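Here is how the chains run, residue by residue.
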Amino acid sequence: MKRALICGVSGQDGSYLARLLISKGYEVFGSSRDAQMEGFNNLRALGIKDEMSLLSIATTDFRNVLQAISQVAPDEIYNLAGQSSVAMSFEQPLQTMESIGISTLNFLEAIRFTGAKTKFYNAGSSECFGAAAAQPCDEGTPFRPRSPYAVAKAAAFWSVANYREAYGLHACTGILFNHESPLRPERFVTRKIISTAARIASGSEEKLHLGNLSISRDWGWAPEYVEAMWMMMQLDDAQDLVIATGHTCTLEEFVSAAFASVGLCWRDHVVTDEKLFRPTDLTESRANPAMAHKLLGWRAKSAMLDVVHRMMEAELDRPGTINH
Ligand code: NDP
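A brief report on the enclosed structure follows. All values derive from a computational prediction rather than experimental measurement.

1. Some words on the overall build of the protein chain
For the protein chain, the count of helices and strands is eleven helices and 15 strands. For 324 residues, the compact-globule formula gives about 20 Å, and the C-alpha radius of gyration of the protein chain, at 19 Å, lands near that figure. Long-range pairs, those at least 24 residues apart, make up 78% of the contacts in the protein chain between residues at least 6 apart in sequence. Per element, the accessible surface of the protein chain, about 14,400 Å² overall, is 49% carbon and sulfur. For the protein chain, the distance from the average position of its 31 positive side-chain charges to the average position of its 37 negative side-chain charges is 2 Å.

2. Section: the site of the ligand
Among the 25 residues in the neighbourhood of the ligand, the closest are listed as S10, S32, S84, Q95 and Y149. Within the side chain of Y149, an N or O atom sits 2.6 Å from an oxygen atom of the ligand. In the model, an oxygen atom of the ligand is placed 2.9 Å from a nitrogen or oxygen of the H179 main chain. Relative to its unbound accessible surface of 880 Å², the ligand loses 90% to contact with the protein. Broken down by secondary-structure element, the contributors of at least two residues to the shell around the ligand are α1 (12–23), α5 (93–114), β5 (119–125) and α6 (148–167). Classifying every residue of the shell around the ligand gives six nonpolar, 14 polar and five charged.

Rules and cut-offs
Residue numbers restart at each chain and count upward from 1, following the sequence in its written direction. Predicted model: local features are reported for residues with pLDDT of at least 70 only, side-chain atom pairs are reported and counted for 80 or more only, and whole-chain, interface and lining totals are derived from all residues. Hydrogens are left out, water is left out, and the side-chain values use all remaining heavy atoms of the structure. Secondary structure elements follow DSSP: runs of H or I of four or more residues count as helices, runs of E of two or more count as strands, with numbering from the N terminus. We compute the radius of gyration over the C-alpha atoms and compare it with the globule rule, which gives 2.2 Å times the number of residues raised to the power 0.38. Whether two residues touch is decided by their heavy atoms; if any such pair falls within 4.5 Å, the residues are in contact. Accessible surface is estimated by sampling points in the Shrake-Rupley manner with a 1.4 Å probe; for residues, cover comes only from the protein chains shown. Positive charges are assigned to Lys and Arg, negative charges to Asp and Glu, while His and the chain termini are left out of the count. Every charge is mapped onto a representative atom, which is NZ of Lys, CZ of Arg, CG of Asp or CD of Glu. Nearness is defined per residue: one heavy atom within 4 Å of the molecule or strand is enough. For this analysis, a polar contact is any N or O atom pair within 3.5 Å, provided that within protein one partner can donate a hydrogen and the other can accept it, and provided that sequence-adjacent residues contribute only side-chain to side-chain pairs. In the scheme used here, Gly and all other residues not listed as nonpolar or charged are polar, with Ala, Val, Leu, Ile, Met, Phe, Trp, Tyr, Cys and Pro taken as nonpolar and Asp, Glu, Lys and Arg as charged.

Shown next as structure tokens:
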């Protein structure tokens with residue numbers, strides 16, 4: 001039986017990945033910064049909380065990371081933990097760099113130190129492409145990060161590449177474009193749109209406050225993206241790959257689809273709020289995921305409209321929302 005350690009298991013991707021690995025017969029260990037205090041609502045929602053071992057790891061603490069790796073002795077480590085909001089990274093740049101850049105280095109160094117054959121997956125981000133992202137980005141596109149989050153993710157990416165090259169670690173970065181699900185917290189714009197549209201459809205008179213509606217993103221379905229993570233770890237030679245649908249839509253199109261799915265016109269309910277504009281933002285984000293298809297046989301099955309409909313269906317099923 002293979003053992004996997006998923007750090008950041010309480011999050012969206014961690015929960016779906018845990019479900020996937022359990023279904024594949026892995027013994028799964030999942031970490032949170034404080035497993036005693038964390039409610040693991042996502043794991044509960046997926047019905048898998050009791051099918052895995054949960055532990056606390058402070059990923060910024062080298063000794064703690066080393067101790068956890070020595071105790072769990074995982075075949076595969078998926079590090080999905082870290083400050084994950086681009087918007088918050090402008091408020092908490094140091095916390096962002098520590099939780100992403102330093103933590104990644106801690107894992108790499110601990111694996112090197114133990115000398116074990118542990119494979120390592122790093123949760124990379126399309127935000128690293130920054131200003132370059134107006135063109136379809138692939139594995140050869142240079143990074144031009146435009147937020148503290150993207151700078152931290154770029155640092156983590158290069159640490160992984162360096163340890164792979166210098167010490168032969170089986171370590172890879174999935175450069176994932178945006179992927180969504182009902183497990184996204186409301187501070188992320190997609191879930192905010194879906195939940196507000198659902199409340200308005202149920203009679204709420206609130207307005208939906210949004211920033212720049214003309215930005216565009218490549219939005220996929222999170223459960224498919226964790227499959228790509230696992231597939232990357234099964235490659236004989238670790239390699240960094242872009243994971244995306246290859247289709248880009250504007251935020252306005254996402255909003256329009258969300259309101260249309262509950263029979264409303266978004267223009268009647270959305271207010272543009274300049275306070276929500278970021279100091280620097282990516283206006284466009286385009287992906288070329290051809291290499292992932294070639295090497296993994298992976299291809300996104302769900303497009304933005306599927307994502308909207310599934311998120312809305314789940315939202316309308318939540319207690320407190322009138323189901324249509
Ligand atoms: P989530 O925010 O849902 O989960 C991240 C987890 O990391 C949280 O559950 C939390 O666990 C832990 N965490 C949060 N803040 C910190 C911190 N300051 N220090 C240490 N740990 C922290 O993210 P997702 O599941 O959506 O994403 C997983 C990873 O993939 C993240 O690294 C994210 O940046 C990256 N990514 C996500 C994309 C997406 O579209 N979802 C796109 C590209 C990359 P706990 O509170 O239990 O400790």
